[in-house]
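Single-letter residue listing:
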Amino acid sequence: MAFRTGFDLPPVALTIAGSDSGGGAGIQADLKTFCAFGVYGASVITALTAQNTLGVQGVHGVPPDFIALQFDSVCGDLPVAAAKVGMLATAEIVEVVARKIREHRLERLVVDPVMVAKSGDRLLAPEAREALIRELLPLAEVLTPNTEEARDLLGGGPIGGIEEMKEAARALHRLGPRHVLVKGGHITRGAADVLFDGREIAVLGGRHVDTPHTHGTGCTLSSAIAAGLALGRPVREAAAAAKEYIQGAIESALPLGKGRGPLNHMYRSVQRMSA
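Structural notes, computed from the coordinates.

Conventions and cut-offs
Residues numbered from 1 in each chain as written. Predicted model: local features only at pLDDT ≥ 70, side-chain atom pairs only at ≥ 80, totals over all residues. Heavy atoms only, no water. Pairing = 2+ DSSP bridges. Helix = DSSP H or I, 4+ residues; strand = E, 2+ residues; numbered from the N terminus. Salt bridge = Lys/Arg side-chain N within 4 Å of Asp/Glu carboxyl O. Buried < 20%, exposed > 50% of the residue type's maximum accessible area, 1.4 Å probe, protein only. Phe/Tyr/Trp six-rings, centres within 6.5 Å; stacked < 30°, edge-to-face > 60°. Lys NZ or Arg CZ within 6 Å of the ring centre and 35° of its normal. Axes fitted to C-alpha atoms, helices over the stretch in contact; angles between N-to-C directions. Parallel < 35°, antiparallel > 145°, perpendicular 65-115°, else oblique. Contact = heavy atoms within 4.5 Å. Nonpolar A, V, L, I, M, F, W, Y, C, P; charged D, E, K, R; others polar. Polar contact = N/O pair within 3.5 Å; in protein donor to acceptor, adjacent residues only side chain to side chain. Core = buried A, V, L, I, M, F, W, Y, C linked by side-chain atoms within 4.5 Å.

Thoughts on the sheet that holds strand β5 (residues 109-111)
- Here we have 9 strands laid out as an open sheet, ordered β3-β2-β1-β4-β5-β6-β7-β8-β9, and mixed in their pairing. What marks the edges here is a single partner per strand, and that holds for β3 (55-61) and β9 (201-204).
- Relative to strand β4 (residues 80-85), strand β1 (residues 12-20) is paired through 5 bridges, and the arrangement is parallel. Residue pairing for β4: L14 is matched across the bridge by A83.

What follows is the structure, given as structure tokens:
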């Protein structure tokens, strides 16, 4: 735990993302993750989804002026130490989010380019891709695409292994983010991710878990990195801690619902209570 109740105040992390009505991903996953790291979570909601473990049944974008108002309310009152961006849905939403990030000088920014849900439902309009690349990638301290998102951002072919992940990380870095973490959990034998800081490549290994219950992994990893940045950790240390956390959350995932169940974001609390 990063603070003691009644003594030190926790750092504040902001999630800028869509709401998942099923609770497994999006804003709901982010706030659970912040809590697990001892970080106070605030939110700017960019879209509402009707969603469960089976898929996304509907998306309703929040009006851009109301997104801007949420930014002003939170950042005008709370000392935001780090932020993450998730689902943005449209080019107009991308543009207002980027403008407000610049206006409020949110520098420890993690960008998770949420484009397609694990169910296959598209969450980012095709015309928003260019706005995302142009407006948000240059603002990112850390960009966290999976291999499919990396391919979509680069407009190239499939990414099938570690070496191709390294090349994708280098290419994405040229688009502006200061660090790129290409997630390869579903294609690499050891659930490895590749982190590039503009100079060095680091391969963050893991343990493959044979489970369908992985709903919310991308949201959770990016919010865990943002929590680490809010706590003052360097990017590589924050990424390693996030990787360790998500490993346990997947290993203790919850088989809720009729489809891909959610991660167990509070597994550490359960472990402490049962010890």
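Next comes the rest of the account.
Description of the pattern of salt bridges
- The full count for this structure, using the stated rule, is 16 salt bridges.
- Two residues, R102 and E135, come together in a salt bridge whose shortest N-O distance is 3.4 Å. Remark: E135 occurs in helix α4 (residues 128-136) and R102 occurs in helix α3 (residues 91-103); sequence separation between them is 33 residues.
- For R102, a relative accessible area of 43% gives the class partly exposed.
- Look at E135 and you get buried, because its relative accessible area is 18%.
- Each of E95, R102, R134 and E135 takes part in salt bridges that share partners, so that together they form one network.

Digging into the packing of aromatic side chains
- Following the criterion strictly, the structure yields 2 aromatic pairs and no others.
- Ring centres of F37 and Y245 lie 5.1 Å apart, and the angle between their planes is 70°; on these two criteria the pair is classed as edge-to-face. Within this pair, whereas F37 is found in the loop between α1 (26-36) and β2 (40-52), its partner Y245 is found in helix α8 (residues 235-251), the two being separated by 208 residues in sequence. As far as burial versus exposure is concerned, F37 and Y245 are alike and both buried.
- In this structure an aromatic cluster arises from ring pairing among F37, Y245 and Y267.
- Positioned above the aromatic ring of F196, the side-chain terminus of R170 is 6.0 Å from the ring centre.

A few points about the packing of α4 against helix α5 (residues 147-154)
- Axis separation between α4 and α5 bottoms out at 10 Å; the angle between their running directions is 90°. Taken together, the axes of α4 and α5 are roughly perpendicular relative to one another. Along the contact surface, α4 presents R129, L132 and I133, while α5 presents D152, L153 and L154.
- In terms of residue class, the contact of α4 with α5 is built from 4 nonpolar, no polar and 2 charged.

Topic: the environment of E251
- Relative to the assigned elements, E251 resides in helix α8.
- By relative accessible area, E251 is classed as partly exposed at 42%.
- Sequence separation of E251 and T211 is 40 residues, and the distance between their C-alpha atoms is 8.3 Å.
- Those residues within four positions of E251 in sequence are excluded, and the remaining contacts are R207 and V209.
- At 2.9 Å, the side chain of E251 forms a polar contact with the side chain of R207.

With respect to the nonpolar core
- Ranked by size, the top nonpolar core spans 51 residues in total, and within it L14, I16, F71, V97, I101 and L136 carry the most contacts.
- Here this core gets 7 residues from one element, more than from any other, and that element is α3.
- Excluding anything up to four places from it in sequence, L136 contacts V85, L88, V94, A98, I101, L109, V111 and A131.
- V39, V142, A202 and Y267 belong to the second-largest nonpolar core, a separate cluster that totals 28 residues.

A closer look at the side chain of H213
- Topologically, H213 is positioned in the loop between β9 and α7 (217-230).
- On the basis of relative accessibility, which here comes to 16%, the residue H213 falls in the buried class.
- Here G261 takes part through its backbone nitrogen, which lies 2.9 Å from a polar atom of the side chain of H213.
- Leaving out residues up to four positions away in the same chain, H213 has contacts with A253, L254, P255, G259, R260, G261, P262 and L263.

Side note on the pairing of strand β8 (residues 193-196)
- Of the two faces of β8, the one carrying D193 and L195 and the one carrying V194 and F196 are both buried.
- As paired elements, strand β7 (residues 179-183) and β8 share 4 bridges and run antiparallel to each other. Bridge pairing in β8 places V182 opposite V194.
- In the sheet, β8 pairs with β9 via 4 bridges, with the strands oriented antiparallel. By the bridge assignment for β9, V194 is matched with V203.
- In this structure, the hairpin formed by β8 and β9 is closed by a connection of 4 residues, where G198 is found at a positive phi of approximately 95°.

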